[in-house]
Each structure stands twice: as structure tokens, then as C-alpha cells.
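Close look at the chain arrangement
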Amino acid sequence: MEDLKKKNGVDINEKEIVFSKSIKAGKRIYYLDVKKNKKDEMFLAITESKKITTGEGDGALVSFEKHKIFLYKEDFEKFMAGMNAAINFINQTEAMETVGEMQDETKEDAEVVSDNIAGMNENGMDLDGEIDIDIDFEESIL
């Protein structure tokens, strides 16, 4: 795409891309472009492109919403530390929520077992239902 822009003379002020990586994630595509400025200093341009569809069927219109972030070398370390802290927070929070959900499920299971045990006699028979006794007496002649 960058080569096409250069060939067609589109945006002559665009910085030179020396490395590019795209990451497709659902409706979004992230572009990580390493660029050089006029002083040959490199920086990272991060672009988020989200596909937006309005309307339905043949009349649907597709557009892309783009957001850019420029990250300079002197900020890489701080940015990575902040990014790692945010990711760790998300992972820990989700792990704690999962443990909480598992504890809730275990507690519910334990309550069901406890209720079932409470409704049984020492032989493990269910005492909550009706007991039908059907006895046939036969006459016997001695």
C-alpha cells in the first residue's frame, strides 16, 4: 500500500515505512508500522482500523474508522511497562472472577448434596417421598 502511494504521488509527506505488521482481531485490524522521519529516527505508528457496516443487504455501506497512535523510542519502555501492568491487571481480575465463580458453584453443589443427605435415613433411602407398601396375603391351608 505504501509503495502504491509513492508511485501515484499520493501524500509525499508520508514517512518511510521500514517494517510493518498487521494483526487481525475480529472486526478490527491493528497495523504496527515502524517509520523513519527525515532525520532517520525511527518511531512506531499504531493504527486501529475498525470495519463499520451501515444498512443491510445490497444497500449496505462499509466504512473504516481509524485511530492512530505515534509512539517514540524514548517512550517505549514506559509504554511497555504500562501495557504489561494493564494486561496483568486484566488477567488477575479475570482469574479471581473465575475462582469466585468456581467457589460459588462448589458451594451450590455442596448445598445440594447436604440437602440430599438430610432427606435420607441411615440406609441411604430417600425419606422425602411417599412410601407405598403392597402386600398380598395368601391363604394357606395347613
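Residues numbered from 1 in each chain as written. Predicted model: local features only at pLDDT ≥ 70, side-chain atom pairs only at ≥ 80, totals over all residues. Heavy atoms only, no water.

Considerations on the overall build of the protein
The condition is simple: Where helices and strands are cited, they refer to DSSP runs of H or I of at least four residues and of E of at least two residues respectively, numbered from the N terminus. Summary of the burial criterion: residues with accessible area below 20% of their type's maximum are buried, those above 50% are exposed, and those between are partly exposed, where the area comes from a 1.4 Å probe applied to protein chains only. Contacts between residues were defined by any pair of non-hydrogen atoms, one from each residue, lying within 4.5 Å.
When its secondary structure is counted, the protein shows 2 helices and 4 strands. Out of the 142 residues belonging to the protein, those deemed buried represent 8%. Considering only intrachain contacts with a sequence separation of at least 6, the fraction spanning at least 24 residues in the protein is 13%.

Quick look at the pairing of strand β1 (residues 16-25)
The criterion, for reference: If DSSP finds at least two bridges between two strands, the strands pair.
Here 9 bridges tie β1 to strand β2 (residues 28-36), and the two strands are oriented antiparallel to one another. Of the residues in β2, the one forming a bridge with Ala25 is Arg28. Linking β1 back to β2 in an antiparallel pair, the connection comprises 2 residues, with Gly26 at a positive phi of about 65°.

Topic: the packing of aromatic side chains
To describe a pair of aromatic rings, one takes the distance between the centres and the angle between the planes. Inclusion rule: Only rings of Phe, Tyr and Trp enter the pairing, Trp through its six-membered ring, and a pair is recorded when the two centres are within 6.5 Å. The plane angle decides the type: under 30 degrees is stacked, over 60 is edge-to-face, the rest tilted.
Inspection of every chain in the model, using the stated rule, returns 2 aromatic pairs. Three or more aromatic residues link up through ring pairs in this structure, and these residues are Phe43, Phe70 and Tyr72.

Remarks on the confidence of the model for the protein
Basically, it comes down to this: What pLDDT reports is the predictor's confidence in each residue, on a scale of 0 through 100.
Confidence in the prediction for the protein averages 77 pLDDT; 68% of positions are at 70 or higher. No element of the protein has a lower mean pLDDT than helix α1 (residues 2-8), which averages 51, and none a higher one than β2, which averages 91. Contacts of residues 8-12 to residues separated by more than four positions or lying in other chains number 1 contact, the stretch itself having pLDDT below 50.

What to know about a nonpolar patch on the surface
Where we set the bar: Distance thresholds for patches are 9 Å for like charges and 5 Å for nonpolar side chains (Val, Leu, Ile, Met, Phe, Trp, Tyr), applied to residues having over 30% relative accessible area and no salt bridge. We get accessible surface area from the Shrake-Rupley algorithm with a probe of 1.4 Å; when it comes to residues, only the shown protein chains can shield them. Within this document, salt bridges are pairs made up of a side-chain nitrogen of Lys or Arg and a carboxyl oxygen of Asp or Glu, the two lying within 4 Å of each other.
Together, Val18, Phe19 and Met42 line one region of the surface with nonpolar side chains, adding up to about 280 Å² of accessible area. Tracing the backbone through its elements, the reader meets Met42 in strand β3 (residues 42-54).

Some thoughts on a negative patch on the surface
So the rule is basically this: Positive charges are assigned to Lys and Arg, negative charges to Asp and Glu, while His and the chain termini are left out of the count. In plain terms, the charge of a residue is placed at NZ if it is Lys, CZ if Arg, CG if Asp and CD if Glu.
Where like charges cluster on the molecular surface, the negative patch consists of Glu94, Glu97, Glu101, Asp104, Glu105, Glu108, Asp109 and Glu111. With respect to the helices and strands, the residue Asp104 is situated in helix α2 (residues 76-118).

Considering the side chain of Ser49
Following the sequence through the fold, Ser49 ends up in strand β3. Each residue touching Ser49, except ones within four places of it in the same chain, is listed here: Lys27, Arg28, Ile29, Tyr31, Phe64, Glu65 and Lys66.

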